[in-house]
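Below are the chains, spelled out letter by letter.
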Amino acid sequence: MRLATSEQIFEPYGDMPYSLRTALERGVRPAVGFQHPTEVLKDRDLTYDEKREILSSWASDASALRDDPRLRWLLGTAGPVPLDEVCAALKRLDAMAPAKDAPTH
């Protein structure tokens, strides 16, 4: 299996069909089932923190295309997405952030 973030082919490892462990060690969280960052925002089953983790992995340099660093290709997605769109989704997520440490009067 070729990870979107690497030219390296990952061979079977232990019980995992491909070395997902290696991907996770690189700080890349898979986004299986998501084709665009906005789909992460719309997912009702994910918590705010889980959405942030996925989008942050997508924005990470570890997900950058070697030949075009303006694009990000996260493990588990069909193709690359412009970094600007990932950053826009992160900004939208920040706007939806749950109120933490809100002053109580």
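A quick note: this is a predicted structure, and the numbers were derived from the prediction, not measured. (Residues numbered from 1 in each chain as written. Predicted model: local features only at pLDDT ≥ 70, side-chain atom pairs only at ≥ 80, totals over all residues. Heavy atoms only, no water.)

1. A word on the overall build of the chain
For the chain, the count of helices and strands is 4 helices and 2 strands. Expressed as a percentage of the 105 residues in the chain, the buried residues total 33%. Considering only intrachain contacts with a sequence separation of at least 6, the fraction spanning at least 24 residues in the chain is 47%. Element-wise, carbon and sulfur atoms account for 52% of the exposed surface of the chain, whose accessible area totals about 6,900 Å². (Helix = DSSP H or I, 4+ residues; strand = E, 2+ residues; numbered from the N terminus. Buried < 20%, exposed > 50% of the residue type's maximum accessible area, 1.4 Å probe, protein only. Contact = heavy atoms within 4.5 Å. Areas by Shrake-Rupley, 256 points an atom, 1.4 Å probe, with all protein chains shown as cover.)

2. A short note on the confidence of the model for the chain
Chain-level statistics for the chain give a pLDDT mean of 75 and a share of 64% at 70 or above. Predicted confidence for residues 1-20 stays below pLDDT 50, and this span has 36 contacts to residues more than four positions away or in other chains. (pLDDT = per-residue confidence, 0-100.)

3. Things to note about the side chain of T77
Residue position: T77 is located in the loop between strand 1 (71-72) and strand 2 (81-82). Classification of T77 as buried rests on a relative accessible area of 11%. A polar contact is formed between the side chain of T77 and the backbone oxygen of L74, at a distance of 2.6 Å. (Polar contact = N/O pair within 3.5 Å; in protein donor to acceptor, adjacent residues only side chain to side chain.)

4. Concerning the nonpolar core
Soluble globular proteins tend to pack their nonpolar side chains together in the buried interior. In this structure, F34, V40, I54, L55 and W58 are the most contacted members of the largest nonpolar core, which totals 15 residues. Mapped onto this core, the elements with two or more residues apiece are helix 2 (37-42), helix 3 (48-59) and helix 4 (83-95). Each residue touching V40, except ones within four places of it in the same chain, is listed here: F34, L46, K51, I54, L55 and W58. (Core = buried A, V, L, I, M, F, W, Y, C linked by side-chain atoms within 4.5 Å.)

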